[in-house]
Structures are given as structure tokens and as C-alpha cells.
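# Observations on the model geometry
For reference, the chains in residue letters:
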Amino acid sequence: MDLNGIERLIAEMTLAEKLGQMTMSPAGSARTGPVRGEATTESVRAGGVGSLLNIWGREATDRFQKLAVEETRLGIPLFFGVDVLHGHRTVFPIPLAEAGAFDPGVWERTARQAAREAAADGADLTFAPMLDIARDPRWGRMAEGAGEDPLLAARFAAAKVRGFQGGDLASPGSLAATAKHFCCGGAALAGREYAAADLSERAVHETYLPPFRAAVEAGCAAIMSAFNSVGGVPMTAHVPLLRAWLREKLGFDGVIMSDYAAIEELIDHGVAADRAEAAALALKAGVDIDMVSNVYFSSMPEALARGLARMEDIDAAVRRILVLKLRLGLFDDPHRRTRRRRAPSDTAKKLALDAARRAITLLTNDGILPLGEKIRRIAVIGPLADAREEMVGPWVLAADPRQCSSILEGLRAALPDREIILEQGVTIKGDDMSGIGAARAACEHADLVILCVGEAARMSGEAASRAHPGLPGRQHELAEAVLSTGRPVIALLSSGRPLIVPVLAERARALVATWFLGAGAGEAIAEVLTGRFNPTARLPVTWPRAVGQIPIFFAERPAARPANPTDPFTSKYIDLPNEPLFPFGHGLSYSEIRLDNLRLGQEEFQAGDKVAVEVEARNLSDRTAQETIFLFARDRVAAAAPPVLELKGWAKVDLKPRQAKKVSFTLAAEELSGLDGALEWRLEPGDFDIFVGLNADRRYLLSARLRCR
Ligand code: GLC
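## Notes on the sheet that holds strand β18 (residues 604-605)
Taken in spatial order, the 5 strands make up an open sheet running β18-β26-β25-β20-β21, and their pairing is mixed. The open sheet has two edge strands, β18 and β21 (646-655), and neither has a second partner. The pairing of strand β25 (residues 686-693) with strand β26 (residues 702-708) spans 7 bridges and is classified as antiparallel. When the sheet's bridge partners are listed, aspartate 687 is paired in β26 with arginine 707.

## With respect to the domain arrangement of the chain
Considered domain by domain, the chain is made up of domain 1 (3-327), domain 2 (351-549) and domain 3 (593-708). Between domain 1 and domain 2, a total of about 3200 Å² is buried, with carbon and sulfur atoms accounting for 65% of that surface. Counting the surface domain 1 buries against domain 2, the share from its top three residues, Val91, Pro137 and Arg138, is 18%. For the pair domain 1 and domain 2, the number of links is 1 salt bridge.

## Looking at unusual backbone geometry
Of the consecutive residues phenylalanine 182 and cysteine 183, the connecting peptide bond is found in the cis state with omega at -15°. When you line up the elements, cysteine 183 lands in the loop between β5 (176-182) and α8 (201-208). Located in the positive-phi region is tryptophan 515, a residue other than glycine, with phi close to 50°. Examined against the element boundaries, tryptophan 515 turns out to sit in the loop between β16 (510-513) and α19 (521-530). According to the relative accessible area criterion, tryptophan 515 is buried, its value standing at 1%. You will see that asparagine 597, though not glycine, has its phi angle at about 55°, which is positive. Mapping asparagine 597 onto the fold places it in strand β17 (residues 593-600).

## Thoughts on the site of the ligand
Not every one of the 15 residues close to the ligand is listed here, only the nearest: Thr32, Asp83, Lys180, His181 and Asp259. At 2.7 Å, a side-chain N or O of aspartate 259 approaches an oxygen atom of the ligand. Burial of the ligand by the protein chains amounts to 100% of its free accessible area of 310 Å².

## Structural notes on the environment of proline 685
Structurally, proline 685 can be placed in the loop between β24 (681-682) and β25. Relative accessible area serves as the criterion here: at 52%, proline 685 is assigned to the exposed category. In this structure, the C-alpha to C-alpha distance between proline 685 and phenylalanine 605, residues 80 residues apart in sequence, is 9.3 Å. Not counting chain neighbours up to four residues away, the residues in contact with proline 685 comprise Cys708 and Arg709.

## Focus: the pairing of β26
Direction of pairing for β18 relative to β26: parallel, over a ladder of 2 bridges. Pairing of glutamate 604 across the sheet is with arginine 707, part of β26.

## Quick look at the packing of aromatic side chains
The final tally for this structure, using the stated rule, is 15 aromatic pairs. Relative to phenylalanine 227, the ring of tyrosine 194 has its centre 5.1 Å away and its plane inclined at 90°; by these criteria the two rings are edge-to-face. Within this pair, whereas tyrosine 194 is found in the loop between β5 and α8, its partner phenylalanine 227 is found in the loop between β6 (222-225) and β7 (229-230), the two being separated by 33 residues in sequence. On the basis of relative accessibility, which here comes to 41%, the residue tyrosine 194 falls in the partly exposed class. For phenylalanine 227, a relative accessible area of 12% gives the class buried.

## Overview of helix α1 (residues 3-12)
All of the buried residues along α1 are Gly5, Ile6, Leu9 and Ile10. On an axial view of α1, the arc spanned by its buried residues comes to 140°, and they lie on one face. Away from its buried face by more than 90 degrees, α1 exposes Asn4, Arg8 and Ala11. Close packing links the buried residues of α1 with α2 (15-21) and α13 (311-327). A distance of 3.1 Å separates the backbone nitrogen of asparagine 4 from a side-chain oxygen at the start of α1, and that oxygen is part of aspartate 2.

## Let's talk about the nonpolar core
In this structure, Phe182, Leu246, Leu369, Ile381, Leu504, Leu529 and Trp543 are the most contacted members of the largest nonpolar core, which totals 215 residues. The element best represented in this core is helix α7 (residues 150-165), accounting for 8 residues. With residues up to four places along the chain from it excluded, the contact list for leucine 529 reads Leu369, Pro370, Leu371, Leu411, Ile450, Ile490, Leu492, Val512 and Tyr590. With 28 residues, the next largest nonpolar core counts Leu595, Leu655, Ile690 and Ala704 among its residues.

## Let's talk about the side chain of threonine 32
Along the chain, threonine 32 turns up in the loop between β1 (23-26) and α3 (41-45). In this structure threonine 32 comes out as buried when scored by relative accessible area, which is 13%. There is a polar contact of 3.2 Å between the side chain of threonine 32 and the side chain of asparagine 54. With near-sequence residues (within four places) excluded, threonine 32 lies in contact with Leu53, Asn54, Asp83, Tyr260, Trp395 and Glu462.

Thresholds, definitions, all that
Residues numbered from 1 in each chain as written. Predicted model: local features only at pLDDT ≥ 70, side-chain atom pairs only at ≥ 80, totals over all residues. Heavy atoms only, no water. Pairing = 2+ DSSP bridges. Helix = DSSP H or I, 4+ residues; strand = E, 2+ residues; numbered from the N terminus. Domains from an automatic or database assignment. Buried area = accessible area lost by both parts, 1.4 Å probe. Salt bridge = Lys/Arg side-chain N within 4 Å of Asp/Glu carboxyl O. Buried < 20%, exposed > 50% of the residue type's maximum accessible area, 1.4 Å probe, protein only. Near = heavy atom within 4 Å. Polar contact = N/O pair within 3.5 Å; in protein donor to acceptor, adjacent residues only side chain to side chain. Areas by Shrake-Rupley, 256 points an atom, 1.4 Å probe, with all protein chains shown as cover. Contact = heavy atoms within 4.5 Å. Phe/Tyr/Trp six-rings, centres within 6.5 Å; stacked < 30°, edge-to-face > 60°. Arc of directions from axis to C-beta. Core = buried A, V, L, I, M, F, W, Y, C linked by side-chain atoms within 4.5 Å.

Now the structure itself:
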């Protein structure tokens, strides 16, 4: 089969067969949305389905594929889509945690391994990477993406597309990547799932689109439109962004699919009066595949009859779908992926451990960590202490959660010569506090308490918005009881988002964000707590002090009156500091790194220049360390109020004890462009501030002025 063959095929297809190719139906055991019709052998045999989702496993996928290829009139193969977000059989850290590694190599390697495992299970496409910029921890899907910053998310996007797709989409170990959810789901009103996002067009182009541009430039095969509306236009019907920007301006010629039942939900959005109108709106916007709602198959004929839709748009959609199947190698060998069996190998487990240790973020530490030799009796307290199955986080479909080591297991394996007592105290979500007494008693006889608290695996991810993103259930009472014993407490937070935990930040001797780390959880946590691994992760999101600060992020536009603690008439709260609990990029290690001598290669620049930026990093400790050094910039004056800080890059540097090194960045002039009034990226003459630092706290950044001629 080749492109000419595809044209011949389209010319032969009936309308029903074309609409069948544009239909993706659920067929497997995973439920990722409201129950709708399932794919049946009859619907597949009739050519009414072009792809299936939520199904994996060699036998199941081969059976449906055989049906499509041998028993339909034209024998067009199906493709199978699965949510492979952070692993398939081997579970890796949730994307938000992995983003904190600030390491595209890790991001690409885990995607590559996940692709190999999922492809061996019959998947041809993954509904990942998720690229929603998220600045509101009430929104549970913050867990699925790369955090708050467009540049971080863009680099994450490119690495994940490379990892999933590999060098050849037809390779049996490759999956087509689907960049999702296009776009702005993370700006849902009040962090409530599926709610409308009302944003300026400037914000959409400055903040939410760059990761999708990066995914397209990396060659992603597909894009999924988001559920929500933006500025009153549902993304699944958004002609300006899907057709004008994505297809025409960016030249994206891959497949656009709706999210789960999102075409039918155009009726709920109030922009379509019926299914025929919904079908027509989505087709007009350039959505090729109808995921689950079956609106295209059932109501597009009526839309055509009513003159709402055009056959040429249907043919264009079918063409893109068939080209995807051609690129996936499915016409040549529909079973190409399931022929090669792949069990999770040792390399997968090692990779999972490496990704896990690099995702652990040390938030506070008064020196109690790493654990010293004098610590002989350890009380491990809390509902997340011995909870293997909670260590996987959301969006784990095919994997066995029991593959994870629990925190307790990791500690016991790492500290065989210590007495380690376990008391759960409370459950994750329940109200029963009867176990707090025993937990308290265990603490009183211990040299140290390790308090393991946080969310259950499924308390983040889709349909998991929380109005009170703190410790669920009665864990706060447990924490108070443990802290009140006066014993030294190290608090470990399992979560899919920053939790509002000011008490722990204040009163625990150390606070560690362990997120959801997957297969390597317990072992990696023990490596960090014992000091066998010097923690390196940095926060990919700003961590709020209170819900009242949300949304909170470092790249905000200047206030009319910037905060000034001595002047009441400036931008601040009367009951809380403006500063977050922890800034973007925050993360401690067991070393202390100092930055000095920021130097720019030139004081003035013009379009096309590349400006050298250099800083000296010194390791003041006796431990080898890896530090992440951030490069920020601020345009002092621009056509539109420029953000007070923008991330322009980062560098990871390995430093031996007491070693100093020069760390260099290259800043291309174009990276300092801003959106002009016509929303075109343009470099404006004038002064910029260039900053370098260990996180986004502007009080501690080194800075230098740079003038654009
Ligand atoms: C869900 C999610 C999306 C997922 C899809 C298929 O509703 O929004 O992220 O890929 O359906 O499971």
C-alpha cells in the first residue's frame, strides 16, 4: 500500500465505510469515561469502526484485527490506542514527578520503554504525552503533565514524542504519540474538571500552545482536542486554533481526534442543537476521529443531507487516518507489533528506579537527613507507609501495581540493622481515628518518625479535582498527633499535585515530595533518605502556601502596584505573604551550591545573535552533587506587559566536593521575542534583564542587563 493506493481506496469507500474509519470505539476492560456503546464484532465486521481504545493484549487485539482485515469488504486494518502515560507494564513516575528531573534523556528513555511494552501488547498509538500547562493544584490532571511552564512542557513534549515514536513509526517497538489535550484544560474554571476556560488569546498563544508546537515540530503523529471550551468555543469545534493555527499555520497534517465523547458533548456546551450539528462543527474544525460518541457514524449522513457538512472534509479526514495506518505499517503487516513478545526486562526495572530517584524532591531539611547511624528505632507511620498499590499514581491500566516496593519495604531493605515499626494510624480517606493512639505510642519509643501521608493513587488524574488539596481524610489529625510527641519527624508526601501542608513544612524536620514514583518507589525513597542518592529533583510547579493563592505561578504579569510590604496600597494579601511555600525550581540536596560571577558575552545584541551567558557554580559541601541551574529573562518594556520572569533554559551540572565550574548557556535573540499586538512573535528593541539562579525566587537571582538594538 502507498499513497496512491490510499487514494484508490478512498474512491472505493462508501460513506458508511468512511465514517467507520472516523470512529474510535472502546473495546477493552479499562473505563476512562462515561459508559457508551462498545465495539462489537458486528460493528467491526460492518466496517463501522476504524480504531479501538482501552484494549490491549495480543489475543484481544489480534482477534479484532483479524476480523477487520479478513471479514470487512475492504480489509482496512484497525489501529489500537491506549493511555500509556507513564509506563505500560512497568510503571514509571507520574509525568509531573518526572518533569522535576529536568532531564530530557530520562523522559525519552521511559517513553521508549513504555512504547516497547505497549506495542508488544498490541497498541499502535498512545494517548500521550499530556501537555496541558497547569497552574492550579485543585485540578487533578496536573499530575499528568509537565507542570506550569511552557518551555519545560515543550522540551518534555519533544522528548516524549521521540521516545514513543522512535525513529520509525512502523517499527514494531514504536507507538504513534498523541499530544493532548489541545488546549487549555489546565485553565478550567476554579480547577474544576471539564469546566470552561476563559483566557485571553494572548495567554493561549504565550502559555498553552508552545508545548503543542514543540510536539508537532518533533513529528507527533496525532493530537487530541480537549473537552473544555476556551473563550466560549469548545476546543473540539475550535476552527481558529485547530484549523487555522494547527493545520494551516503550523502545517500539522497528522490526525486530530476528539477526546472521549467530546463531539457529542458539543450539545452540552450549547453550541450544537443536535448530533448532526455537532458532527458538522467538529468536522469543520478538522477533527478526524470521533472518540466513543459515534456521532460521526450515526449523524454525519444527516449533516450532509442538511448541507451542514462537506464530503471533501470527510475525504480529507479519512485520508489522514489511512496515512497514519500506512505510517504505522499496518497495511503491510497488521499484526506487526504483537508478533514480538516483550516481557518487562531488568533494564525496565533499573530504568524505573533511576527515574524514581531523580523525581524525589527534598523540600525542607534541617539536617536530619540523610539518616544518621545513631537512628536505631524508626517508627514508620501513616496510610502511605506500606501501600504498594498507591505508589503507581493515576492512569495505570495494564500494569500490576504490586510491582512497586512500598516505602516500608524500601526502608527495611536499606536498613536491615534498624528496628522499624509500622503503624498506619488512619486510612487515606476515612474518618476513623482509632489508630492514632497506637501511632502516637509507636512514635514515643522511636528515635525518629517517618510520616508517610498524602493522596491515594486515584485522587489525582482525570475527574479528580479537589477543593481542599491538603491531606485527605484524618491524616492532618494523625500528623498533629505525631508532631506533638516531640520526636523528630520526617514527612513524605505521596501526591499527584502540590498539597497544601503548611504545618508539615513548618514543624517536620524534613519534608520530601515523593509524588507517585511507580515501580521503583520504595527503593528510591530509601536511597534518598539514607543519602545513597543525593536528591536532584526540582519543582516543575510553584507550591502554594494556601488555596487562596491559586492560581499561582512565577511567570505572572506585573501588578499595577508591585507588592511592597511597607506600603498597604500595593499588590498583596492582608492575611498571607504573596510568596508560595516553595517556588518553581525549588529542591534541596545534601550539598550546598553557590552561584557567582554571572557574565554575558555581550552587553548589546540584535536579531540573529546568540548571547553567551556564563555563571560559576561552586559546591561548598563534601558530597558530589548534581545541580540544576535556571536561566530566566525579563523584558523591561514591551508592547504587552511582559511577565516578571520567563524561563529561557536550564543546565544540569555535576560537581565534585568543593569543586567550582563555569556553567554556560547560549541565549538566541529569538528566545527573547514577545507576542506583538497581532500575536506574532517579535523581538522588540530595548533592555532585558537576564537572570540565573537555583529556582524562580526573584530575591536570590543573579542578574545582568542586556540591550537589544
Ligand atoms: C479520557 C481522557 C483522555 C484519555 C481518553 C481515552 O477521558 O480525557 O486523556 O486519553 O479519555 O482514555
